[in-house]
Amino acid sequence: MTDAADTFRRVPLPARPPRLIATDLDGTLLRDDKSVSERTIAALAAAEKAGVEVFFVTGRPARWMDVVSDHVHGHGLAICANGAAVVDLHSGGTLVEVRELTRQAAMAVVTALRDVAPGVTFAVERAGGISYEPAYPPIVEDVGSGVAPVGKLLGEDAAPGGEPVLKLLAHHTALDPDAFLQLARRAAGDFAEFTRSSPSALLEVSGRGVSKASTLALCCAERGISPAEVVAFGDMPNDLQMLTWAGTSYAMANAHPAVTAATTHATWSNEADGVAVVIEGLLALH
């Protein structure tokens, strides 16, 4: 196991401990098998014990947070769906705040992407679950989801009780993932926010102004925490805004090149417990 002295030599650390740690999950905190290592569990608990808040900030929906729900201490909150939902994991995933993608904006995105990327298929992520078009790649974790054309999925009567849309997902079988992202931003960037976290050409679409960074900023403002007091970790383009907002940021060794270029520091890979390595070093600063 790496000790604190070795951490100081091999992974750069900020001058003082943070007040809040914000970490992505997949490809960052979680190992490739979606587990949380014993070393990481211990580091998270030690951070909270030392008075450092930890926020999980992820593209995952609330219903997929069981992988870390046992490791949330203190406030129990997590930011899900790329900032579209703040979730209380202590209460089984209750939505505390929702920043929706309006039906009108979602339909404008669908129309624009159909024009520039023929063959694109869509899924609609709502607070209570996901539904998708017949040609959209099957989602193993959501086998009970509804299947219908996207116009119907976004219809006014598509969700009981007017359940808000958190994200629109757009998938293409042939386009390069980064090229698809840039194409979508040019075609429909006036209607919504576009990002990606999958190795495939799968885009995640949120309401205008909604991102991991903007929701984290709101949560920090409520606590009187400035960006300079935040350390953030990530690996994919959907982490970029959060990483550039935080005073100190770490790209995982397995990160997308754009993330590596945008962060202030780098740490070991998710498989090598890169987040825990930095946390151990940060706590040694106390």
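These notes cover the structure that comes with them. Every value quoted in this text rests on a predicted model; they were computed, and no experiment measured them.

Helix H6 (residues 177-188) packs onto helix H4 (residues 103-116) with a crossing angle of 125° between their chain directions and a minimal axis gap of 9 Å. The angle between H4 and H6 falls in the class oblique. Classified by chirality, the crossing of H6 by H4 is right-handed. The residues of H6 that touch H4, namely those facing Val109, Ala112, Leu113 and Val116, are Leu183, Ala184, Ala187 and Ala188.

It is worth spelling out the side chain of Arg99 at this point. Here Arg99 shows up in the loop between strand S5 (94-98) and H4. Buried charged residue Arg99 carries no salt bridge. Nearest counter-charge: Glu97, at 4.9 Å. A polar contact is formed between the side chain of Arg99 and the side chain of Ser214, at a distance of 2.8 Å. Polar side-chain contacts of Arg99 include one of 2.8 Å to the side chain of Thr215. Those residues within four positions of Arg99 in sequence are excluded, and the remaining contacts are Gly83, Ala84, Gly209, Val210, Ser211, Ser214, Thr215 and Leu218.

Looking now at the packing of helix H3 (residues 38-49) against helix H10 (residues 274-283). For the pair H3 and H10, interaxial distance at closest approach is 9 Å and the crossing angle is 35°. For H3 against H10, the interelement crossing comes out left-handed. Note on element contacts: H10 touches H3 through Ala276, Val277, Ile279, Glu280 and Leu283, opposite Arg39, Thr40, Ala43, Leu44, Ala46 and Ala47. Each residue belonging to the contact of H3 with H10 can be placed in one class, and the counts come to 8 nonpolar, 1 polar and 2 charged.

Now for the pattern of salt bridges. Summed over all chains, the structure comprises 14 salt bridges. Of the charged contacts, one joins Arg39 and Glu280 as a salt bridge, the two residues approaching to 2.7 Å between their closest N and O atoms. One end of the pair, Arg39, is in helix H3; the other, Glu280, is in helix H10, with 241 residues separating them in the sequence. The closest approach of N and O atoms between Asp239 and Lys212, which form a salt bridge, is 2.5 Å. Of the two residues, Asp239 is situated in the loop between strand S11 (230-234) and helix H8 (240-245) and Lys212 in helix H7 (residues 212-222); the sequence distance between them amounts to 27 residues. Note on Asp239: relative accessible area 0%, which makes it buried. Here Lys212 falls in the buried class, since its relative accessible area comes to 1%.

We now examine the side chain of Asn270. Structurally, the position occupied by Asn270 is in the loop between strand S13 (265-266) and H10. For Asn270, a relative accessible area of 4% gives the class buried. The residues touching Asn270, leaving out its near neighbours within four places in the chain, are Gly27, Thr28, Leu30, Arg31, Asp32, Met252 and Asn254.

Moving on: the sheet that holds strand S2 (residues 53-57). Spatial ordering of the open sheet is given by S5-S4-S3-S2-S1-S11-S12-S13, a layout of 8 strands whose pairing is mixed. Two strands bound the open sheet, and with one partner strand each, they are S5 and S13. Pairing analysis gives 4 bridges linking strand S1 (residues 20-23) to S11, with the strands arranged parallel. Directly across from Ile21, in S11, lies its bridge partner Val231. Sheet strands touched by H3: S1 and S2. Its angle to S2, the strand with the most contacts, is close to 135°.

Here is what the cut-offs are and how they apply
Sequence positions are assigned chain by chain, starting from 1 and proceeding in written order. The predicted nature of this model means local features are confined to residues of pLDDT at least 70 and side-chain atom pairs, given and counted, to a pLDDT of 80 or more, with totals for whole chains, interfaces and linings taken over all residues. Think of the side-chain values as coming from all heavy atoms in the structure, minus any hydrogens and water. In this description, a line fitted to the C-alpha atoms serves as the axis of each element, helices being fitted only across the stretch in contact, and the angle between N-to-C directions of two axes falls anywhere from 0 to 180 degrees. Helix and strand definitions here come from DSSP, where helices need a minimum of 4 consecutive H or I residues and strands a minimum of 2 consecutive E residues; each element is numbered from the N-terminal end. Orientation is classified from the angle alone, with under 35 degrees giving roughly parallel, over 145 giving roughly antiparallel, 65 to 115 giving roughly perpendicular, and any other angle giving oblique. By convention, the crossing between two helices is left-handed when the near helix turns anticlockwise from the far helix through less than a right angle, and right-handed when the turn is clockwise. Here, residues are in contact when the closest pair of their heavy atoms is within 4.5 Å. For every residue, the accessible area (1.4 Å probe, protein chains only) is compared with the maximum for its type, and the residue is labelled buried under 20%, exposed over 50%, or partly exposed between those bounds. In this tally Asp and Glu are treated as negative and Lys and Arg as positive; neither His nor the chain ends contributes. For salt bridges, the criterion is a side-chain nitrogen of Lys or Arg within 4 Å of an Asp or Glu carboxyl oxygen. Any N or O atom pair separated by 3.5 Å or less is treated as a polar contact, with the protein-specific requirement of one donor-capable and one acceptor-capable atom, and with residues adjacent in sequence counted only for side-chain atom pairs. Each residue is assigned to one of three groups, with Ala, Val, Leu, Ile, Met, Phe, Trp, Tyr, Cys and Pro labelled nonpolar, Asp, Glu, Lys and Arg labelled charged, and all others, Gly among them, labelled polar. Think of it this way: DSSP has to see at least two bridges between two strands before they count as a pair.

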